[in-house]
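What follows is the residue order along each chain.
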Amino acid sequence: MAETTSKNGNGALATHRAEPSEADVVRIVESLRVTFRSGRTRSAHWRADQLHRLADLMVDNEMEIIEALSADLGRAPFESWLTDIAGTVAEARYAAKHVKRWMRRDRRMLELPQLPGRGWVEYEPYGTVLIIGTWNLPYLLTLGPAIGAVSAGNTVLIKPSEFAPRTSRLLADLVPRYLDHDAIAVVEGARSTSELLLKQEFDRILFTGGAETGRKILAAAAQHLTPVTLELGGKSPVILADDCDVDVAASRVAWTKLINSGQVCVAPDYVLAHRDVTERFVDRLCDAWVHQRVNQPKGMRVLNADHLERLSEYLIETRGEVAFGGGLDRSSLTVEPTVVLDPSPSEPLMTEEIFGPILPVVTVDSVDDAIDFVNSRPKPLAAYLFSRSRAVRNRVVSEVSAGGMLINHVAFQASTTRLPFGGVGNSGMGAYHGQWGFKEFSHSKTVLTKPTRPDLSKMLYPPYSDNAWKLARKLF
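Predicted model, so just to flag it, every value in this text is computed and none were measured.

**Student:** I would appreciate a short explanation of a nonpolar patch on the surface in the present structure.
**Tutor:** Judged by side-chain polarity, Leu 112, Leu 115, Leu 460, Tyr 461, Leu 471, Leu 475 and Phe 476 come together as a nonpolar surface patch covering roughly 690 Å² of accessible area. By the secondary structure assignment, Tyr 461 is in the loop between strand E23 (442–449) and helix H16 (466–475).

Pasting the structure below:
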C-alpha cells in the first residue's frame with residue numbers, strides 16, 4: 001500500500017498509507033486464518049512469548065509513543081506514560097505470567113446421575129479476532145483488548161483509529177517488528193476500511209467507541225452471527241453525599257476530569273452534589289484546577305474542530321451558570337477547564353457524553369434523589385460515590401447499575417488487571433482485563449467423558465418399564 005503526505009487537522013505534516021483494497025483485506029484475514037489453523041497460537045509458550053514482546057514494544061519505544069500521542073492529542077509526557085504505556089505494559093506482563101494457569105481445564109464435580117464420569121470446561125480460542133481501537137487512549141484501548149485475544153490463543157487483526165494518525169502509523173510499524181506478523185496484523189484506514197473488515201467473517205469482534213457506531217458494528221456482526229464485545233462509554237456520574245470528604249473529592253475529581261482533556265470513557269461526566277456540600281465542592285474543585293495547572297496554558301487541547309464546535313454548542317445552549325472557565329480557542333483547538341452549575345437535565349450537556357474538560361455540577365437534596373437521577377438515564381460505563389458511610393456505600397452499589405463502580409476515587413477501577421472492565425446496557429457488553437480478557441476471547445467448551453463399562457445407561461433404553469421409571473425418578 002502506497003504512502004502519501006498531507007496536513008492533518010492541526011496543520012502538522014502526517015504520513016498516511018493508502019486505503020487498503022478489498023483484495024488486501026481478504027488476503028490479510030485469510031493469512032491470519034491459515035496461521036490459526038496451523039495451531040501455532042495454541043501453545044502457552046507462544047502466547048506468553050507474544051505478551052512479553054508486546055510489553056517490550058511499549059517499553060523500548062516509550063519516547064516514540066509519547067511523541068506520537070503529543071502530536072495526535074497534545075498530551076503531556078507523564079500523562080501519556082501513565083495512561084497508555086504503564087497500563088498496557090502491566091496488563092501484558094500480568095497475562096504472560098498467568099496465561100498457562102488460565103489455560104488449564106476447569107474441572108467440575110458432577111451430579112450423582114452423571115456418575116461415573118468426569119466433566120470440565122475447556123477454554124479454546126475463537127479463531128481470528130478483529131480489534132477496532134479508539135483514538136483517545138489509542139494504545140491502552142487497542143493493545144489492551146489485543147492482550148486478551150492473544151492470551152486466549154487467537155490470531156488478531158488490529159484496526160487503529162484514523163483520528164490518531166501518528167499513533168496508528170507507529171502501531172503499524174512496531175507490531176510486525178515485535179510480534180508474530182503471521183498471527184497479529186495491523187490494518188490502517190478510515191471508516192471505509194472498517195466497513196471492509198466487517199464484511200469478513202471474523203470469529204470475534206471487539207469495538208471501543210461511541211454507541212452510535214457500536215450499533216452499526218453489532219448490526220454488521222449479526223450478518224455472520226459473530227459475537228461482539230462493545231466498550232461504549234456513557235455519562236458517568238459522581239455522587240457526593242453530605243458526609244463526603246469534600247476536599248479529597250474535589251482534588252480527585254479535578255485530576256481525573258482533565259486527564260487527556262476529559263476525553264476518557266470513564267471520566268466523571270457530571271456531579272450530583274448534596275446541597276450541603278455543593279458550594280464548597282465547586283470552590284475546592286476550581287482551586288484544585290488552578291493549582292494542578294500552574295504554568296500551563298489556560299485551554300486544553302481537544303481532538304479536532306468538530307469536537308470543539310460540539311463543546312462550544314453545549315456551552316452556548318446551557319441554562320446553567322458557568323462558574324469557572326468557559327473559554328475556547330479555535331485556532332489552537334483548546335477549551336478551558338469549565339464548571340457549569342445546575343444545567344437543565346434535558347439540555348445536551350446533560351444528555352450527551354461530554355468527552356471534554358467541561359464538568360456540570362447538579363445540586364440534589366439527598367442520596368435518594370441522586371440514585372433516582374442516575375437510574376432514570378441510560379446505564380453508564382462507570383459510577384462514582386464519595387461518602388464516609390458504609391450504609392450509603394452499600395445502598396448505592398446495590399441500587400445503581402453501571403459497568404463498574406468506585407467509592408471515594410475516580411477512574412482507577414478501569415486500570416486493574418484483577419477486576420473486569422466493561423459496560424452494561426448502552427455503555428457496552430462484555431468485559432476484559434486480566435483473566436476476564438482471556439475468558440472474553442475464549443470459547444468455554446463443555447467436555448463430559450464417560451466410561452463404556454459398566455453401561456449404567458441401559459436402564460434408560462426403551463422399552464421403558466415401571467421399575468426403570470421409579471429408579472430414574474430417584475436418581476434424577
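**Student:** Is there a simple way to think about the sheet that holds strand E15 (residues 334–335) in this case?
**Tutor:** Backbone-to-backbone hydrogen bonds pair the strands of a sheet. The strands run either parallel or antiparallel. As summarised here, the arrangement of the three strands in space is E12-E15-E14, forming an open sheet in which the pairing is antiparallel. Each edge of the open sheet carries a strand with a single partner, namely strand E12 (300–301) and strand E14 (328–329). In this sheet, E15 lies alongside E14 in antiparallel orientation, the contact comprising two bridges. Across the sheet, Asp 329 pairs through a bridge with Thr 334, a residue of E15.

**Student:** In this structure, what is going on with the pairing of strand E16 (residues 338–341)? I would like to understand it.
**Tutor:** Regular strands place side chains that alternate from one sheet face to the opposite one. Pairing between strand E13 (residues 321–324) and E16: three bridges, direction antiparallel. Directly across from Val 322, in E16, lies its bridge partner Val 340. Examined bridge by bridge, E16 and strand E17 (residues 358–364) share four bridges and lie parallel to one another. Along E17, the bridge assignment pairs Leu 341 with Val 361.

**Student:** How should I be thinking about the nonpolar core in this particular structure?
**Tutor:** For soluble globular proteins, nonpolar side chains are generally found buried alongside one another. If you look at the biggest cluster of nonpolar residues, it comprises 88 residues, and the most contacted ones within it are Tyr 139, Ile 184, Leu 240, Val 266, Phe 281 and Leu 285. Top contributing element to this core by residue count: helix H4 (residues 77–102), with eight residues. Built from parts of two domains, this core gets at least three residues from each of domain 1 (22–233 + 429–444) and domain 2 (237–416). Once you skip the residues sitting within four places of it in the chain, Leu 285 turns out to touch Ala 250, Val 253, Ala 254, Val 339 and Leu 359.

**Student:** Is there a simple way to think about helix H6 (residues 165–178) in this case?
**Tutor:** Owing to its 3.6 residues per turn, the α-helix aligns residues three or four sequence positions apart on the same side. An ideal rise of 1.5 Å per residue puts 20 Å on 14 residues; H6 measures up with 20 Å between its terminal C-alpha atoms. The buried fraction of H6 amounts to 10 of the 14 residues, a majority that puts the element mostly inside the structure.

**Student:** What exactly am I supposed to notice about the domain arrangement of the chain here?
**Tutor:** Interfaces are often described in size by the accessible area the parts lose on coming together. When the domains of the chain are assigned, the result is domain 1 (22–233 + 429–444) and domain 2 (237–416). A straight line from the C-alpha centre of domain 1 to that of domain 2 covers 31 Å. Residue-level contacts link 17 residues of domain 1 with 17 residues of domain 2. Taking both partners together, domain 1 and domain 2 bury about 1,300 Å²; carbon and sulfur atoms supply 58% of that area. A per-residue breakdown of the area domain 1 buries against domain 2 is headed by Trp 135, Asn 136 and Gly 233, which together make up 37% of the total. Taken together, domain 1 and domain 2 are joined by zero salt bridges. Elements that contribute at least two residues to the side of domain 1 that touches domain 2 include exactly helix H3 (62–73) and H4. Sorting elements by how many residues they give to the side of domain 1 that touches domain 2 places H3 first, with four residues. Residue composition of the side of domain 1 that touches domain 2, grouped by class: seven nonpolar, six polar and four charged.

**Student:** Looking at this structure, I do not really get the packing of aromatic side chains. What am I missing?
**Tutor:** One pair of aromatic rings is described through two measures. These are the centre distance and the angle between the planes. Tallying each qualifying case throughout the model produces nine aromatic pairs. For the ring pair Tyr 94 and Trp 102, a centre distance of 6.0 Å and an interplane angle of 50° mean the geometry is tilted. For the pair Tyr 94 and Trp 102, one class covers both residues: buried. Chaining the aromatic ring pairs together yields one cluster made of Tyr 94, Trp 102, Tyr 123 and Phe 438. The lysine or arginine in question, Arg 107, covers the ring of Trp 120, its NZ or CZ lying 5.1 Å from the ring centre.

Cut-off values and rules
The numbering scheme is per chain: residues are counted from 1 as the chain's sequence reads. Local features in this predicted model are restricted to residues of pLDDT 70 or higher, and side-chain atom pairs are both shown and tallied only at a pLDDT of 80 or more, whereas totals for entire chains, interfaces and linings draw on every residue. Excluding hydrogens and water, the side-chain values take into account all heavy atoms of the structure. By definition, no residue in a patch forms a salt bridge, and every one has over 30% relative accessible area; like charges are joined within 9 Å, nonpolar side chains (Val, Leu, Ile, Met, Phe, Trp, Tyr) within 5 Å. Each accessible area is a Shrake-Rupley result for a 1.4 Å probe, and residues are judged covered by the shown protein chains and nothing else. Just to be clear on terms, a salt bridge is a Lys or Arg side-chain nitrogen sitting within 4 Å of an Asp or Glu carboxyl oxygen. We count a stretch as a helix when DSSP gives it H or I for four or more residues in a row; a strand needs E for two or more, and each element gets its number in order from the N terminus. Pairing between strands is defined by DSSP: at least two bridges between the two strands are required. Among the buried residues, those of types Ala, Val, Leu, Ile, Met, Phe, Trp, Tyr and Cys that are joined through side-chain atoms within 4.5 Å form a nonpolar core. Note on classification: 1.4 Å probe, protein chains only; a residue is buried when its accessible area is under 20% of the maximum for its type, exposed when over 50%, partly exposed between these limits. The source of the domain bounds is an automatic or database domain assignment. For this analysis, residues touch if any pair of their heavy atoms sits within 4.5 Å. The length a helix should cover is 1.5 Å for every residue beyond the first. Accessible-area loss on putting two parts together, using a 1.4 Å probe and summing over both, is the definition of buried area adopted here. Residues were grouped as follows: Ala, Val, Leu, Ile, Met, Phe, Trp, Tyr, Cys and Pro as nonpolar; Asp, Glu, Lys and Arg as charged; and all remaining residues, including Gly, as polar. In this analysis, rings of Phe, Tyr and Trp, with Trp reduced to its six-membered ring, are considered paired at centre separations within 6.5 Å, and the interplanar angle assigns stacked below 30 degrees, edge-to-face beyond 60, and tilted for intermediate values. When the NZ atom of lysine or the CZ atom of arginine is within 6 Å of a ring's centre and also within 35 degrees of its normal, the charge is said to sit over that ring.

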